[in-house]
Amino acid sequence: MTAWQQLGLLAMVAWAAMSIAWVWQRRHRNIGIVDIVWSACLGLGALLIAATGTGAALPRILLAVLGGGWALRLALHLLRRLGEGEDGRYQALRERWQGHQGKIYGLFAFQAALVVLFAIPFTAVAANPVSHITPLMIAGIAFWIAAVAGEALADLQLARFRQDPRNKGRTCRSGLWRYSRHPNYFFEWCHWFAYVALSAGSPTQWVSWLGPLIMYVFLRWISGIPYTEMQALRTRGEDYRAYQRTTPMLFPWFPNSDDSARGP
């Protein structure tokens, strides 16, 4: 199949899945299902594109294993959080839209479109004709392991922090969260560079760069950090403002001292 055919088929699958998820959301009043379905559809996209690609078997197998593995871990993590109730970000969105189901469906349809957009880098890997292991492939695998492990560790550290009732209303500052306000987002972004390495030699390798580029734009300015931090400020107030003053936003680094706490 051509890349256009692959993406077209994925678009139909993602739209159908998101439509079913929207129906589920109406019954359970939890928009958070959209994130789980987005992850699952993108993992399915990696498998579909790997199976129907025109490249050599090796990069297609790597795409299926790595892309599918990343999506499975993320979807399962989000599924566990679904039982905690609707995420505060989505609660605020529901209130702003006054529960308008047409607007909520628009959000689900938009997420289906994003599945296709983020699957574009997969087509470059699946079209890679290189049939032997290369240093860049090894680097891509190593980078994927480090990024997914880092994201999983950040998620685990935050989950353990939230499980302690004494931490209600407080901000996690332990582990990776001491060095970045969003270490999970940082490693999520890093993960997309693995497909850039895996597509080296592909005639369409340039499209693999859309992964880290688009993910950074969405995390930094659109749906990631802005909404997460607005919700954190609503629920944790001054504690989170102090965290913002001392801790880097995305790229991990040593925390700064809070000058405002020193007084004149």
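In this text, all values refer to a predicted model and were calculated from it rather than measured experimentally. (Residues numbered from 1 in each chain as written. Predicted model: local features only at pLDDT ≥ 70, side-chain atom pairs only at ≥ 80, totals over all residues. Heavy atoms only, no water.)

Turning our eyes to something else, we now look at the overall build of the chain. For the chain, the count of helices and strands is 10 helices and 0 strands. The linear arrangement of helices and strands in the chain, starting from the amino end, is α-α-α-α-α-α-α-α-α-α. A compact globule built from 264 residues would reach a C-alpha radius of gyration of about 18 Å, and the chain, at 20 Å, matches this within 12%. The dimensions of the chain, computed from C-alpha atoms along their principal axes, are 65 × 45 × 30 Å. Every one of the 264 residues in the chain was classed for burial, and the buried ones make up 49%. Considering only contacts within the chain whose residues lie at least 6 apart along the sequence, 77% involve residues at least 24 apart. Split by element, the accessible area of the chain, about 13,200 Å² in all, is 66% carbon and sulfur. Of the side chains in the chain, 25 bear a positive and 14 a negative charge, and the two mean positions are spaced by 3 Å. (Helix = DSSP H or I, 4+ residues; strand = E, 2+ residues; numbered from the N terminus. Rg over C-alpha atoms; globule rule 2.2 N^0.38 Å. Buried < 20%, exposed > 50% of the residue type's maximum accessible area, 1.4 Å probe, protein only. Contact = heavy atoms within 4.5 Å. Areas by Shrake-Rupley, 256 points an atom, 1.4 Å probe, with all protein chains shown as cover. Lys, Arg positive; Asp, Glu negative; His and termini not counted. Charge placed at Lys NZ, Arg CZ, Asp CG, Glu CD.)

The interhelical angle for the contact between helix 7 (residues 183–191) and helix 9 (residues 210–222), taken along N-to-C directions, is 160 degrees, at an axis separation of 8 Å. By the angle between their directions, the pair helix 7 and helix 9 is classed as roughly antiparallel. Between helix 7 and helix 9 the crossing geometry is right-handed. Residues Tyr 185, Glu 188 and Trp 189 of helix 7 form the contact with helix 9, whose own contacting residues are Pro 212, Met 215, Tyr 216 and Leu 219. Here the residues of the contact of helix 7 with helix 9 are counted per class, giving 6 nonpolar, no polar and 1 charged. (Axes fitted to C-alpha atoms, helices over the stretch in contact; angles between N-to-C directions. Parallel < 35°, antiparallel > 145°, perpendicular 65-115°, else oblique. Left-handed = near helix turned anticlockwise from the far one by under 90°. Nonpolar A, V, L, I, M, F, W, Y, C, P; charged D, E, K, R; others polar.)

What follows covers the packing of aromatic side chains. Applying the stated criterion to the full structure yields 22 aromatic pairs. With a centroid separation of 5.9 Å and an interplanar angle of 85 degrees, the aromatic rings of Tyr 179 and Phe 254 are classed as edge-to-face. On the criterion of sequence distance, the pair formed by Tyr 179 in the loop between helix 6 (135–163) and helix 7 and Phe 254 in the segment after helix 10 (225–246) is long-range, its members being 75 residues apart. In this structure Phe 254 comes out as exposed when scored by relative accessible area, which is 54%. Measuring from ring centre to ring centre gives 6.3 Å for Phe 186 and Trp 189, while their planes differ by 50 degrees; the resulting arrangement is tilted. One end of the pair, Phe 186, and the other, Trp 189, are both in helix 7, 3 residues apart, so they sit about a helical turn from each other. Trp 189 carries the same exposure label as Phe 186, and that label is buried. For Arg 89, the ring lying beneath its charged end belongs to Tyr 90, and the centroid distance is 5.5 Å. (Phe/Tyr/Trp six-rings, centres within 6.5 Å; stacked < 30°, edge-to-face > 60°. Lys NZ or Arg CZ within 6 Å of the ring centre and 35° of its normal.)

Locating Thr 123 in the fold gives a position in helix 5 (residues 101–126). Since its relative accessible area comes to 8%, Thr 123 is described here as buried. Residues Thr 123 and Thr 2, spaced 121 residues apart in sequence, show a C-alpha to C-alpha distance of 8.8 Å. Each residue touching Thr 123, except ones within four places of it in the same chain, is listed here: Ala 3, Gln 6, Leu 7, Ile 49, Thr 204 and Val 207.

Model confidence for the chain is summarised by a mean pLDDT of 95, while 97% of its residues fall at 70 or above. Ignoring residues within four places in sequence, the model shows residues 259–264, a span with pLDDT below 50, making 2 contacts including any to other chains. (pLDDT = per-residue confidence, 0-100.)

Now for unusual backbone geometry. Of note in the backbone geometry, Arg 29 takes a positive phi value of approximately 50 degrees without being a glycine. Locating Arg 29 in the fold gives a position in the loop between helix 1 (3–28) and helix 2 (33–52). Residue Arg 29 is classed as exposed on the basis of its relative accessible area, which comes to 53%. A positive phi angle, near 55 degrees, is found at Gln 98, a position not held by glycine. Mapped onto the elements, Gln 98 comes out in the loop between helix 4 (88–96) and helix 5. By relative accessible area, which is 74% here, Gln 98 ends up exposed.

To continue, consider a nonpolar patch on the surface. On the surface, Met 1, Leu 9, Met 12, Val 13, Leu 44 and Leu 47 cluster together to form a nonpolar patch covering roughly 490 Å² of accessible area. Tallying contributions element by element places helix 1 first for the nonpolar patch, with 3 residues. Turning to its location among the elements, Leu 47 is positioned in helix 2. Residue Leu 47 is classed as partly exposed on the basis of its relative accessible area of 42%. (Patch = residues over 30% accessible without salt bridge, like charges linked within 9 Å, V, L, I, M, F, W, Y side chains within 5 Å. Salt bridge = Lys/Arg side-chain N within 4 Å of Asp/Glu carboxyl O.)

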